[in-house]
Amino acid sequence: MAAHLSYGRVNLNVLREAVRRELREFLDKCAGSKAIVWDEYLTGPFGLIAQYSLLKEHEVEKMFTLKGSRLPAADVKNIIFFVRPRLELMDIIAENVLSEDRRGPTRDFHILFVPRRSLLCEQRLKDLGVLGSFIHREEYSLDLIPFDGDLLSMESEGAFKECYLEGDQTSLYHAAKGLMTLQALYGTIPQIFGKGECARQVANMMIRMKREFTGSQNSIFPVFDNLLLLDRNVDLLTPLATQLTYEGLIDEIYGIQNSYVKLPPEKFAPKKQGDGGKDLPTEAKKLQLNSAEELYAEIRDKNFNAVGSVLSKKAKIISAAFEERHNAKTVGEIKQFVSQLPHMQAARGSLANHTSIAELIKDVTTSEDFFDKLTVEQEFMSGIDTDKVNNYIEDCIAQKHPLIKVLRLACLQSVCNSGLKQKVLDYYKREILQTYGYEHILTLNNLEKAGLLKAQTGGRNNYPTIRKTLRLWMDDVNEQNPTDISYVYSGYAPLSVRLAQLLSRPGWRSIEEVLRILPGPHFEERQPLPTGLQKKRQPGENRVTLIFFLGGVTFAEIAALRFLSQLEDGGTEYVIATTKLMNGTSWIEALTESPF
């Protein structure tokens, strides 16, 4: 059991156990010793479901990364390929299988497609003459992976691009399938709300899937009261801004992958006296970040400016606890102190790690460039000078700052102005192409298609109306003891989370005008429950809302939703699901085209 998955209102260990059981059943079908050949992208998400120990119990002796040419030698009976349904991977698999056939004693080959089997891929294997070599060809529907007690992700890196640029609905189908799995485990969700084109499609798919399964009545008492489906393109602004929570900044600066972060090792080297700093480690320090760690659970969602005081308070408490050993006189007292020692040592180690991370982040956030960039972002978000060429963006291009940084800022300005004036847009494009290379014209085209960097149509800027109606900009933010979700960006309240907050109370009827301005339809669907399963809420009991971000979500938005869940009179607790955990940089990177 993963303890951090069961601390909330919804025990996500139930989902984790269900997918683990499915994995065990598949491994047991392939009797005898096994080697797994991994599509490298899947190793991270699988690590959150099953450690190596589980695979070992089911006779997995070797693991390899999927690469061209021959497989490494392994004395096993079964070779199992765990892969995403991608055509380019089928070519590599065929190469592996054919070279194994030439090698000698025959082995049993199996293929497990994650999350779905693909006829196109099987046809490719057939064309390459290896389809008949596979005894088991199956799919493993790993749609939603539990990351934390209130967080699920599909980790589908191309979902936004597929949905909004290529018109490919595969990831929407997977999202609907994932939601059906959740309903099978946690009961039917009585009410579905949604905003956006993709949200409408996912809701339609769910309703159709439910109709197709009418025979089996779901008799589980519903855990969720509402489902809110939100398109990412309803709120293109939030991911472009720099996140200012502790977890958000770790992700902005170092990138969190499948709840792990790799950090520069120098800060984590044990300091020995008289060492003179020799033999510093060169291997990056890899840390897992989730709520299983007490201190991280406490500080992850705080604004970074509020983290230092928490860490110094913790340091005092821990050193006082260690001082207690001098007061332990009797055998009983000594015994009690010793029993607490492992927990205290873990707390001290955790504090040392987070103090080092906070120092690394502070080096960045106190730099002049970080301050200049943040000032420009905040001016755009509060509606200042969004309609003319920005000097800072010009300087960044002239000094050839990283292209992604320039694109993020230009997109932010465009979104905060409902599109740029044509001459401003043309100027930015020309400067970017002349400085960074004409091959980036494809990327600029993608950003335009996605609505991120475009010309203003109709000559009207709707952002001020949206900003005022939804109170997206707050001037007086209390970063230490926040009273509003705007603390996660030190002034800007994430539009997506504000929509969720207003849906909960007083309801979307109060903001009909803004909902019409934002892209895509808004809707409400009811799913009838069998008699006896209707929920009677106790006085003071919060509703549970599952909010699904189609196209990705940032850690700052997650922090804002957790803040709402913890409000005394909030009335709603949120569980968050998404196609991908992302930040502005990884989002723009996923939209870049490399022509070579």
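Residues numbered from 1 in each chain as written. Predicted model: local features only at pLDDT ≥ 70, side-chain atom pairs only at ≥ 80, totals over all residues. Heavy atoms only, no water.

K.L.:
Summarise the environment of Val-202; cite the residues concerned and give the values.
P.N.:
Assignment of secondary structure puts Val-202 in helix α8 (residues 197-212). Val-202 sits in the buried class, given a relative accessible area of 0%. Not counting residues within four places of it along the chain, the set of residues in contact with Val-202 comprises Leu-172, Ala-175, Ala-176, Leu-179, Leu-229 and Leu-550. (Helix = DSSP H or I, 4+ residues; strand = E, 2+ residues; numbered from the N terminus. Buried < 20%, exposed > 50% of the residue type's maximum accessible area, 1.4 Å probe, protein only. Contact = heavy atoms within 4.5 Å.)

K.L.:
Describe in detail the sheet that holds strand β12 (residues 285-288), supporting the description with residues and values.
P.N.:
The strand order across the open sheet built from three strands is β10-β11-β12, with neighbouring strands paired in antiparallel fashion. Each edge of the open sheet is held by one strand with a lone partner, namely β10 (256-257) and β12. Pairing of strand β11 (residues 260-263) with β12, which is carried by four bridges, proceeds in the antiparallel orientation. Within β12, the residue paired with Lys-262 across the bridge is Lys-286. (Pairing = 2+ DSSP bridges.)

K.L.:
Talk me through the layout of surface pockets; I want residue IDs and the actual numbers.
P.N.:
Computed from the structure, the largest pocket encloses a volume of approximately 920 Å³. Along the wall of the largest pocket there are 43 residues; nearest its centre are Glu-155, Ile-256, Gln-257, Asn-258 and Lys-580. Counting only elements with at least two residues in the lining of the largest pocket, the list comes to α2 (40-47), β6 (145-148), α6 (159-164), α9 (246-254), β10, β11 and α22 (584-591). Of the residues in the lining of the largest pocket, the class split is 17 nonpolar, 13 polar and 13 charged. One number sums up the size of the second largest pocket: a volume of about 620 Å³. Along its surface, the second largest pocket is lined by 25 residues, and Arg-86, Pro-115, Ser-156, Glu-162 and His-174 are the ones closest to its centre. Tallied by class, residues from the lining of the second largest pocket come to nine nonpolar, six polar and 10 charged. (1 Å grid on protein atoms, 1.4 Å probe; cavity = no way out; pocket = protein on both sides within 12 Å on 5 of 7 lines; lining within 4 Å. Points joined across faces, edges and corners; volume = space filled by probe spheres on them. Nonpolar A, V, L, I, M, F, W, Y, C, P; charged D, E, K, R; others polar.)

K.L.:
So what's going on with the pairing of strand β5 (residues 134-139)? Which residues, and what values?
P.N.:
Pairing between strand β4 (residues 108-113) and β5: five bridges, direction parallel. Bridge assignment links Ile-111 to a residue of β5, and that residue is Arg-137. The handedness of the β4 to β5 crossover, carried by helix α5 (residues 119-127), is right-handed. (Right-handed = clockwise from strand over helix to strand, strands pointing away.)

K.L.:
With reference to specific residues and values, describe helix α16 (residues 422-436).
P.N.:
Spanning 15 residues, α16 covers 21 Å between terminal C-alpha atoms, matching the ideal 21 Å at 1.5 Å per step. When we look at burial in α16, the residues that qualify are Val-424, Leu-425, Tyr-427, Tyr-428, Ile-432, Leu-433 and Tyr-436. The elements touched by buried residues of α16 are α14 (391-398), α15 (403-415) and α17 (441-449). Within two residues after α16, Gly-437 carries a phi angle of roughly 115°, on the positive side. (Expected span 1.5 Å × (residues − 1).)

K.L.:
Just give me the short version of the side chain of Thr-242, but keep the residues and values in it.
P.N.:
Tracing the sequence through the fold places Thr-242 in the loop between β9 (226-231) and α9. Thr-242 gets classed as buried once you look at its relative accessible area, which sits at 3%. Of note is the side chain of Thr-242, whose polar atom sits 3.1 Å from the side chain of Lys-373. For Thr-242, the side chain forms a polar contact with the side chain of Glu-377, separated by 2.7 Å. (Polar contact = N/O pair within 3.5 Å; in protein donor to acceptor, adjacent residues only side chain to side chain.)

K.L.:
Please set out empty space enclosed by the protein residue by residue, giving values where relevant.
P.N.:
Within this structure, the stated rule accounts for two cavities of 30 Å³ or more. Here the largest cavity defines a volume of roughly 60 Å³. In terms of lining residues, the largest cavity is bounded by Leu-15, Val-19, Ser-141, Leu-142, Asp-143, Leu-144, Gly-178, Thr-181 and Leu-182. Every element with two or more residues in the lining of the largest cavity is listed here: α1 (13-29) and α7 (170-186). At three residues, α7 tops the list of elements feeding residues into the lining of the largest cavity.

K.L.:
Now, about a negative patch on the surface: what can you tell me, with residues and values included?
P.N.:
A cluster of like negative charges, contributed by Glu-25, Asp-28, Glu-59, Glu-61 and Asp-75, occupies part of the molecular surface. Within the element layout of this structure, Glu-59 appears in the loop between α3 (52-57) and β2 (60-65). According to the relative accessible area criterion, Glu-59 is partly exposed, its value standing at 42%. (Patch = residues over 30% accessible without salt bridge, like charges linked within 9 Å, V, L, I, M, F, W, Y side chains within 5 Å. Areas by Shrake-Rupley, 256 points an atom, 1.4 Å probe, with all protein chains shown as cover. Salt bridge = Lys/Arg side-chain N within 4 Å of Asp/Glu carboxyl O. Lys, Arg positive; Asp, Glu negative; His and termini not counted. Charge placed at Lys NZ, Arg CZ, Asp CG, Glu CD.)

K.L.:
Explain the sheet that holds strand β15 (residues 572-578) residue by residue, including any values.
P.N.:
Two modes of strand pairing occur in sheets, parallel and antiparallel, and in both the strands are linked by backbone hydrogen bonds. The mixed open sheet is built from seven strands, whose spatial order is β6-β7-β15-β14-β9-β8-β13. Every other strand in the sheet has two partners, leaving β6 and β13 (522-526) as the edge strands with one partner each. Going from strand to strand, the sheet's axes swing by 20° on average, the running direction of each strand aside. In this structure, β9 lies alongside strand β14 (residues 543-550), joined through six bridges in parallel fashion. Note that in β14 the partner of Asp-231 across the bridge is Leu-550. (Axes fitted to C-alpha atoms, helices over the stretch in contact; angles between N-to-C directions.)

K.L.:
I'd like a description of the nonpolar core, backed by residues and values.
P.N.:
With 169 residues, the main nonpolar core has Phe-82, Leu-229, Leu-452, Leu-499 and Phe-548 as its most contacted residues. The element that contributes the greatest number of residues to this core is α15, accounting for nine residues. Filtering out sequence-adjacent residues up to four positions away, Leu-452 remains in contact with Leu-236, Leu-240, Cys-411, Ser-414, Val-415, Leu-447, Trp-587 and Leu-591. Grouped together as the second largest cluster of nonpolar side chains are 23 residues, Phe-64, Leu-66, Met-90 and Phe-134 included. (Core = buried A, V, L, I, M, F, W, Y, C linked by side-chain atoms within 4.5 Å.)

K.L.:
So, the pattern of salt bridges: which residues are in play, and what are the values?
P.N.:
By the definition in use, this model includes 33 salt bridges. Close ionic contact of Glu-541 with Arg-9 constitutes a salt bridge, the shortest N to O distance being 3.3 Å. Of this pair, Glu-541 sits in the loop between β13 and β14 while Arg-9 sits in the segment before α1, placing them 532 residues apart in sequence. Judged by its relative accessible area of 35%, Arg-9 falls in the partly exposed class. Across the pair Arg-562 and Asp-301 runs a salt bridge whose closest N-O atoms are separated by 3.2 Å. Residue Arg-562 is found in helix α21 (residues 555-566), and its partner Asp-301 is found in the loop between α10 (294-299) and α11 (307-323); the two are separated by 261 residues along the sequence. Under the relative-accessibility criterion, Asp-301 is labelled buried at 13%.

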